[in-house]
Amino acid sequence: MTRAIYPGSFDPVTVGHYDIISRAARMADELILGVGNNKAKNPLFSVDERVKMLEVVSAEFSNVRVEPFSGLLTDFAKEVGANVIIRGLRMMTDFEFELINAQTNRMLDEDIETVFLITDPSYSYISSSGVRELGAFGADIFGFVPEAVYEMIKSRMDEIRGE
């Protein structure tokens, strides 16, 4: 049985994330969306809110579950019994960053493999930070985030702008 983790901050979840989720769900017997709690970041959404968004977005996939985690990804993988880490790549700079992480994770646990999925070209320019920036300036983020969570994300953006 292949149990895979697709980790991320998902702050907020984008259509690019959904693309990777849907493709990874077809590859693994079980896919765990690991919502990272990185204390060094100042997230727009709480961990609980990000978990809820991902639960809504991934509800159509019977083999996907969502779990928060903090600490080392390899420790989380051991905890949930996963042997594959899924990472999405949008461009070459993502590859350079992710390669270092994959090699580090391999040194920490040689039983865990990293699989890179290339983002659909129509989503290659979309990032969570880009969505946050667009929303902060009042741009409509429809089409950048999954429709199922659009209102939740838009509402937070409006709140931040004081609308």
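See the structure above.
Residues numbered from 1 in each chain as written. Predicted model: local features only at pLDDT ≥ 70, side-chain atom pairs only at ≥ 80, totals over all residues. Heavy atoms only, no water.

Caption draft 1: Molecular detail of the pattern of salt bridges. Using the criterion set out here, one finds twelve salt bridges in the structure. A salt bridge links Asp11 to Arg132; the nearest nitrogen and oxygen atoms lie 3.9 Å apart. Of this pair, Asp11 sits in the loop between β1 (3-8) and α1 (15-27) while Arg132 sits in helix α5 (residues 128-136), and the two are 121 residues apart along the sequence. Looking at Asp11, the relative accessible area reads 4%, which means it is buried. Its salt-bridge partner being Glu98, residue Arg87 comes within 2.7 Å of it at the nearest N-O pair. Residue Arg87 is found in strand β4 (residues 84-89), and its partner Glu98 is found in helix α4 (residues 92-108); the two are separated by eleven residues along the sequence. Each member of the pair, Arg87 together with Glu98, is buried. (Salt bridge = Lys/Arg side-chain N within 4 Å of Asp/Glu carboxyl O. Helix = DSSP H or I, 4+ residues; strand = E, 2+ residues; numbered from the N terminus. Buried < 20%, exposed > 50% of the residue type's maximum accessible area, 1.4 Å probe, protein only.)

Caption draft 2: Broad picture of the nonpolar core. With 35 residues, the main nonpolar core has Tyr6, Leu31, Leu33, Leu54, Ile86 and Ile153 as its most contacted residues. Elements with a contribution of two residues or more to this core: β1, α1, β2 (30-36), α2 (47-57), β3 (64-69), β4 and α6 (150-160). Those residues within four positions of Leu54 in sequence are excluded, and the remaining contacts are Phe10, Val13, Ile21, Leu33, Val35 and Val66. Counting ten residues, the second-largest nonpolar core is a separate cluster that includes Ile32, Phe69, Ala82 and Ile112. (Core = buried A, V, L, I, M, F, W, Y, C linked by side-chain atoms within 4.5 Å. Contact = heavy atoms within 4.5 Å.)

Caption draft 3: Inspection of helix α3 (residues 73-80) at higher detail. Residues Leu73, Thr74, Phe76, Ala77 and Val80 constitute the buried set of α3. What you see down the axis of α3 is that its buried residues fit within an arc of 160 degrees, all on one side. Away from its buried face, by an angle of more than 90 degrees, α3 presents the exposed residues Lys78 and Glu79. Residues of α3 that are buried in the fold lie against β1, β2, β3, β4 and α4. (Arc of directions from axis to C-beta.)

Caption draft 4: Representation of the packing of aromatic side chains. For the structure shown, the criterion picks out six aromatic pairs. Geometrically, the ring pair formed by Tyr125 and Phe144 is edge-to-face, given 6.1 Å between the ring centres and 90 degrees between the ring planes. Of this pair, Tyr125 sits in the loop between β5 (113-118) and α5 while Phe144 is found in the loop between α5 and α6, placing the two residues 19 residues apart along the sequence. (Phe/Tyr/Trp six-rings, centres within 6.5 Å; stacked < 30°, edge-to-face > 60°.)

Caption draft 5: Looking closely at the environment of Val131. Turning to its location among the elements, Val131 is positioned in helix α5. When the C-alpha atoms of Val131 and Glu98 are compared, they prove to be 21 Å apart, with 33 residues separating the residues in sequence.

Caption draft 6: Just the side chain of Ser128, in detail. As for its position among the elements, Ser128 is in helix α5. Judged by relative accessible area, which is 11%, Ser128 ranks as buried. Sequence-distant contacts of Ser128, that is, excluding residues within four places in its chain, are made with Phe10, Asp11, Pro12, Thr14 and His17.

Caption draft 7: Quick look at the pairing of β5. Inspection of the sheet shows β4 paired to β5 by six bridges, in the parallel sense. Bridge assignment links Leu89 to a residue of β5, and that residue is Ile118. (Pairing = 2+ DSSP bridges.)

Caption draft 8: Seen up close, the packing of α2 against α6. With their axes 10 Å apart at the nearest point, α2 and α6 run at an angle of 150 degrees to one another. Relative to α6, α2 is oriented roughly antiparallel. Across from Glu49, Lys52 and Met53 in α2, the residues of α6 making contact are Met152, Ile153 and Arg156. Considered class by class, the residues forming the contact of α2 with α6 number three nonpolar, no polar and three charged. (Axes fitted to C-alpha atoms, helices over the stretch in contact; angles between N-to-C directions. Parallel < 35°, antiparallel > 145°, perpendicular 65-115°, else oblique. Nonpolar A, V, L, I, M, F, W, Y, C, P; charged D, E, K, R; others polar.)

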